[in-house]
Amino acid sequence: MIILTRVDHRLLHGQVAFSWTQSLGADCILIANDDVPNNEVRKTTIKLAKPQGVKLVIKNIEDSIAALKSGVTDKYKLFIVVESVGDAYQLAEAYPEITKINLGGTKVKEGTRSIGKAVNVLPAEEELLKKLVDKGVEVEIRQVPNDKKVNVTEVL
């Protein structure tokens, strides 16, 4: 069961590992990212941030979709973390059971616009977010669970 999918360019770090995992009651974290599985430094860093007693799985986007569709993740209270809006969109398109996406942190890049605390999106990403909302996906902005939920439709 997918509890939440979070977009955070830092992937797994203290805020995600502890605040979110505990608040959600997640027992498995899936890092869905095309770079990390082949990047030993990033993979090691992420493994160090893993909370005690929580399973950590690191897969590329394609393998993440295959795992979700296969049912092997069904037994977990699954918390998915991706690096970008594009990655979240890809997962949600391929796996409609993703019904909630949290925007927690995206980098400032040339051409981005700030739509919330630590959330910056390119025009193409805004379009993806609108498409997700149109499909009935709840997209919210919150850095930590105690923050007030801001629905992305209020800021686009």
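Structure's up top.
The rules behind these values
Residues numbered from 1 in each chain as written. Predicted model: local features only at pLDDT ≥ 70, side-chain atom pairs only at ≥ 80, totals over all residues. Heavy atoms only, no water. Pairing = 2+ DSSP bridges. Helix = DSSP H or I, 4+ residues; strand = E, 2+ residues; numbered from the N terminus. Axes fitted to C-alpha atoms, helices over the stretch in contact; angles between N-to-C directions. Parallel < 35°, antiparallel > 145°, perpendicular 65-115°, else oblique. Left-handed = near helix turned anticlockwise from the far one by under 90°. Contact = heavy atoms within 4.5 Å. Nonpolar A, V, L, I, M, F, W, Y, C, P; charged D, E, K, R; others polar.

## Quick notes on the sheet that holds strand β3 (residues 55–59)
Overall, mixed pairing links the seven strands, which are arranged β3-β2-β4-β1-β5-β8-β9 in an open sheet. Here the strands that pair on one side only, and so sit at the sheet edges, are β3 and β9 (150–151). The pairing of strand β5 (residues 100–105) with strand β8 (residues 138–141) spans four bridges and is parallel. Bridge pairing in β8 links I101 to V139.

## Topic: the packing of helix α4 (residues 85–94) against helix α5 (residues 123–134)
Relative to each other, α4 and α5 sit at 30°, their axes nearing to 10 Å. Considering the angle they form, α4 stands roughly parallel to α5. Note that α4 runs across α5; the crossing there is left-handed. Along its contact with α4, which presents V85, G86, Y89 and A92, the element α5 presents E125, L128, L129, K131 and L132. Tallied by class, the residues present in the contact of α4 with α5 amount to six nonpolar, one polar and two charged.

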